[in-house]
Amino acid sequence: RRYFTPKNSRVITITHQDIRDQRDIPIREILYVEVHGRSCTVHTQTATIEASMTLSALEALLPQDQFVKPIRYCLVALRYIRHVEQTELELENGVRLPFSRGERDNLRQILSAYRLRQLRGR
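Residues numbered from 1 in each chain as written. Predicted model: local features only at pLDDT ≥ 70, side-chain atom pairs only at ≥ 80, totals over all residues. Heavy atoms only, no water.

Looking now at the environment of Gln66. Summarising the element assignment, Gln66 is placed in the loop between α1 (55-61) and β6 (67-71). Residue classification places Gln66 among the partly exposed positions, given a relative accessible area of 23%. Gln66 sits 45 residues away from Leu111 along the chain, and the two C-alpha atoms are 9.5 Å apart. Sequence-distant contacts of Gln66, defined by excluding residues within four places in its chain, comprise Ile27, Val76, Ala77, Leu78, Arg79 and Tyr114. (Helix = DSSP H or I, 4+ residues; strand = E, 2+ residues; numbered from the N terminus. Buried < 20%, exposed > 50% of the residue type's maximum accessible area, 1.4 Å probe, protein only. Contact = heavy atoms within 4.5 Å.)

Counted according to the given criterion, the structure contains five salt bridges. A salt bridge links Arg96 to Glu85; the nearest nitrogen and oxygen atoms lie 2.5 Å apart. Residue Arg96 is located in strand β10 (residues 96-98), and its partner Glu85 is located in the loop between β8 (81-84) and β9 (88-91); the two are separated by eleven residues in the primary sequence. You can call Arg96 partly exposed: its relative accessible area is 39%. (Salt bridge = Lys/Arg side-chain N within 4 Å of Asp/Glu carboxyl O.)

Spatial ordering of the open sheet is given by β8-β9-β10, a layout of three strands whose pairing is antiparallel. Of all the strands in the sheet, the pair left with one neighbour each is β8 and β10. If you compare each strand with its neighbour and ignore which way they point, the axes differ by 25° on average. Seen against the sheet, helix α2 (residues 104-120) touches β8 and β9 and runs at an angle of roughly 140° to β8. (Pairing = 2+ DSSP bridges. Axes fitted to C-alpha atoms, helices over the stretch in contact; angles between N-to-C directions.)

By the secondary structure assignment, Thr44 is in strand β4 (residues 39-44). Here Thr44 is in contact with Ile25, Glu29, Ile30, Leu31 and Ile49, once residues within four sequence places are set aside.

Written as C-alpha cells, this is what we have:
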C-alpha cells in the first residue's frame, strides 16, 4: 500500500483502523503519534485516531523539520513541546513522553533550531 501527501500539503490522509475509510488530518493539529503493533494512534488537539498505517509510513508523510522521533515508537510535533527534562519531554497539553537515553542533548538542539526557524519566520 502506498501513501502520498504532497510536500507542501497542510493535511495528511490516513486510513482509519476501525472503519477502513480515509480521513484528512491537518498536520498542524497533530501533537504526537505512537505505535501499537503494525498500526498507530494519532493524537491531535481534539481527537485520538487509530490509523492502520505503520509509523514509518506516517513519518514519510510528515514534514521532517516539524517532527522529531525521541524514541523508536513515537513521533512528536516540535511545535507542541513545552520543554525537555532529564528523561521525558513535556507537551503543552501536559502529556509527558519518554525519550531514549542519550537523546536529551540532541532533542534540545533540534528543538532550539526549530524555535529559531520559527522566530526567523521560516
